[in-house]
Amino acid sequence: MHTTGSTADRARTRPSIGFFAVAFVLAAIAVRAQEPPRPQMYNDASTTRNTSGWLRTYTRDGALDHDNPFFQSLGTNGRSCSTCHQQADAWSVTPEHVRERFEASDGTDPIFRTNDGATSPLADVSTVAKRRVAYDLLLRRGVIRVGIGIPAGAEFSLEAVDDPYHFASAAELSLFRRPLPSTNLAFLTGVMWDTRETAVPFLPPMDAGVGNADLVASLRHQAIDATIGHAQGAAPSDGQLDAIVAFELGLSTAQLRDDRAGALNDDDALGGPRILANLRFHIGINDTLGADPAGAAFDGQSMRLFEAWSDDNRPGRQAVARGERLFNNKPVAISDVGGLNDALGLPVINGTCTTCHNAPNIGNHTVALPLDIGLSDASRRTPDMPLYTLRNNTTGETVQTTDPGKALLSGKWKDIGKFKGPVLRGLAARAPYFHNGAAATLDDVVDFYDTRFTIGLTPREKSDLVAFLRAL
């Protein structure tokens, strides 16, 4: 069991954080490969390049309004919403582009602020070299520090902390999480990884063609907290909040062109953001347990973007179509998933990827269902992440985790390690993946699930799944 220990003990047993910083300084100054020329058809402000092809954001109003308060500094530290939600990164941030911003500004760009951009709010940022160390996790993983304490009345207490940055305590755990995209928000079933900004639970028939008042209220609340916390300012005005939320809800983002498969809406394929913006969605649609308020049965073939390419003889398109079929049909023996197996009383659930990713052609879960798939388990902890030992106040049982997830909101022992699944569109532009940036690439994502659930994917099946995920 890890305990707090002495500073000297920790220094002797832990790899230097400076090692990671030096490695990524070298990566940041490496010459980037020349990007392919921009096709004339994509020569517009709504389309950006990524390592797999071209990403496009479709807007309800026809163009991005850069005069919106979303792009304005509303706090005291120079940040705006767009500081951590960049269009080219599918409205999140990527380590590659964060490192470019560091090099361009010597680490003074507004994203580099100690309140949440550094590994500790007490980090020394007095020199460029010290800033590289202080912002190490942001530079390597693209994660922001979220500080949340053990809630009053929780079923557990914090027994020990192993924090390489010497800050975390029961009053404020340091949790390192990826900024979620500020696009495709109409499909959300909860706001934030731990759903803490969800004003009230999103339940049918809300959003079932009726209204989205609960979603709007949640996004307003999130914008307030982000301005106060991340931007260190006062709450925005009602007019500013209305404008920010309207802007966010007007964004639809997806990969438009894949370098191997071509245009993702060609030959009757349904890729790209314009079709995405017009998808039918409501809370509970295609529910796996048959609770769709529209009365429809669960359809495991929930991803049907590229069915039309099944008989296409071009290798890139064949791979995408095969990957989609695998996503819908490859058997997965789902076990030891907190919030699923225990909730249903089933040690094993015979499913597929779409058992959890059931939103048709979107890929998140259609009801609020944060799950623990083991991403924050001690066995997956890396030396650059804090580790917390929690003790059940009733049974005395202990568990170690790098992030208690929803449990810091609910105070419930059973919620430790639970996080929501994100919308899957625009994945190619926003590596790394999972709440903590643990998977550097989509290949790593597929490998995680293959080993976690002993799926037994062949090399070609892995490659095909990655091709499909890149095309979303």
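These numbers come from a predicted model, not from an experiment.

Draft legend 1. Quick peek at the overall build of the protein. When helices and strands are tallied, the protein shows 14 helices and 11 strands. When each of the 472 residues of the protein is scored for burial, the buried share is 54%. Only carbon and sulfur atoms are counted for the fraction: they give 54% of the accessible area of the protein, which is about 19,900 Å².

Draft legend 2. Quick look at the sheet that holds strand β2 (residues 53-59). One open sheet holds the four strands; their spatial order is β1-β2-β6-β7, and the pairing between them is antiparallel. Of all strands in the sheet, those with a lone pairing partner are β1 (47-50) and β7 (262-263), marking the two edges. Pairing of β1 with β2 involves four bridges; the strand directions are antiparallel. Across the sheet, the residue bridging to Asn50 is Gly53, located in β2.

Draft legend 3. View of the sheet that holds strand β11 (residues 398-401). Ordered by their spatial adjacency, three strands build an open sheet running β4-β10-β11, and the pairing between neighbours is antiparallel. The open sheet is flanked by β4 (156-162) and β11, the only strands paired with a single partner. The mean angle between the axes of side-by-side strands here comes to 25°, regardless of whether they run parallel or antiparallel.

Draft legend 4. Expanded view of the state of the cysteines. This model, assessed by the stated rule, comprises zero disulfides. Free cysteine: Cys81, not disulfide-bonded; nearest cysteine sulfur from Cys84 at 9.5 Å.

Draft legend 5. Summary view of the environment of Phe306. Inspection of the secondary structure assignment puts Phe306 in the loop between α9 (273-277) and α10 (315-329). Exposure remark for Phe306: the relative accessible area of 0% places this residue in the buried category. Taking the C-alpha atoms as reference, Phe306 lies 9.9 Å from Asn361; in sequence the two are 55 residues apart. Those residues in contact with Phe306 that lie beyond four places of it in its chain are Leu264, Ala269, Gly271, Val320, Ala321, Glu324, Phe468 and Ala471.

Draft legend 6. Region of the structure containing the packing of aromatic side chains. In the structure shown here, the tally under the stated rule is 17 aromatic pairs. Between Trp91 and Phe247, the aromatic rings sit 6.0 Å apart at their centres with planes inclined by 75°, giving edge-to-face as the arrangement. Of this pair, Trp91 sits in the loop between α3 (81-84) and α4 (95-105) while Phe247 sits in helix α8 (residues 238-249), and the two are 156 residues apart along the sequence. Side by side, Trp91 and Phe247 carry an identical accessibility label, which is buried. With centroids separated by 5.2 Å and ring planes inclined at 55°, the aromatic side chains of Phe112 and Tyr135 adopt a geometry described as tilted.

Draft legend 7. Spotlight on the confidence of the model for the protein. When pLDDT is averaged along the protein, the result is 91; 90% of the residues meet or exceed 70. Confidence drops under a pLDDT of 50 for residues 1-33, and excluding neighbours within four residues, the segment shows 43 contacts in the predicted structure.

Draft legend 8. The arrangement of the pairing of β11 in detail. As defined by bridge partners, strand β10 (residues 387-392) adjoins β11 across four bridges and the pair is classed as antiparallel. Bridge assignment links Arg391 to a residue of β11, and that residue is Thr398. In this antiparallel pair of consecutive strands, β10 and β11, the connection spans five residues, and Gly396 shows a positive phi of 80°.

Draft legend 9. Quick look at the pairing of strand β3 (residues 144-148). Burial analysis of β3 places four of its five residues in the buried class, which makes it a mostly covered element. Relative to strand β5 (residues 173-177), β3 runs antiparallel, the two sharing five bridges. Each bridged residue has a counterpart across the sheet, and for Arg145 the counterpart in β5 is Phe176.

Draft legend 10. Expanded view of the packing of α10 against helix α14 (residues 459-470). Between α10 and α14, the shortest axis-to-axis distance is 7 Å and the interhelical angle comes to 100°. One element, α10, and the other, α14, form an angle in the roughly perpendicular class. Facing α10, whose interface residues are Ala319, Val320, Arg322, Gly323, Glu324, Leu326 and Phe327, α14 presents Arg460, Glu461, Asp464, Leu465, Ala467, Phe468 and Leu469. In the contact of α10 with α14, the residues fall into eight nonpolar, one polar and five charged.

Draft legend 11. Fine view of a nonpolar patch on the surface. On the surface, a cluster of nonpolar side chains totalling about 280 Å² of accessible area is made up of Leu289, Leu344 and Leu346. Overall, Leu289 belongs to the exposed group, its relative accessible area being 64%.

Draft legend 12. Layout of the side chain of Arg79. Looking at the secondary structure, you find Arg79 in the loop between β2 and α3. A distance of 2.6 Å separates a polar atom in the side chain of Arg79 from a polar atom in the side chain of Asp116. Aside from chain neighbours lying at most four places away, what touches Arg79 is Gln72, Ser73, Leu74, Pro110, Ile111, Arg113, Asn115, Asp116, Gly117, His230 and Ala231.

Draft legend 13. View of the environment of Gln240. Note that Gln240 resides in helix α8. Through-space distance from the C-alpha of Gln240 to that of Asn68 is 8.3 Å; in sequence the pair is 172 residues apart. Not counting residues up to four positions away in its chain, the partners in contact with Gln240 are Pro69 and Leu74.

Here is what the cut-offs are and how they apply
Residues numbered from 1 in each chain as written. Predicted model: local features only at pLDDT ≥ 70, side-chain atom pairs only at ≥ 80, totals over all residues. Heavy atoms only, no water. Helix = DSSP H or I, 4+ residues; strand = E, 2+ residues; numbered from the N terminus. Buried < 20%, exposed > 50% of the residue type's maximum accessible area, 1.4 Å probe, protein only. Areas by Shrake-Rupley, 256 points an atom, 1.4 Å probe, with all protein chains shown as cover. Pairing = 2+ DSSP bridges. Axes fitted to C-alpha atoms, helices over the stretch in contact; angles between N-to-C directions. Disulfide = S-S within 2.5 Å. Contact = heavy atoms within 4.5 Å. Phe/Tyr/Trp six-rings, centres within 6.5 Å; stacked < 30°, edge-to-face > 60°. pLDDT = per-residue confidence, 0-100. Parallel < 35°, antiparallel > 145°, perpendicular 65-115°, else oblique. Nonpolar A, V, L, I, M, F, W, Y, C, P; charged D, E, K, R; others polar. Patch = residues over 30% accessible without salt bridge, like charges linked within 9 Å, V, L, I, M, F, W, Y side chains within 5 Å. Salt bridge = Lys/Arg side-chain N within 4 Å of Asp/Glu carboxyl O. Polar contact = N/O pair within 3.5 Å; in protein donor to acceptor, adjacent residues only side chain to side chain.

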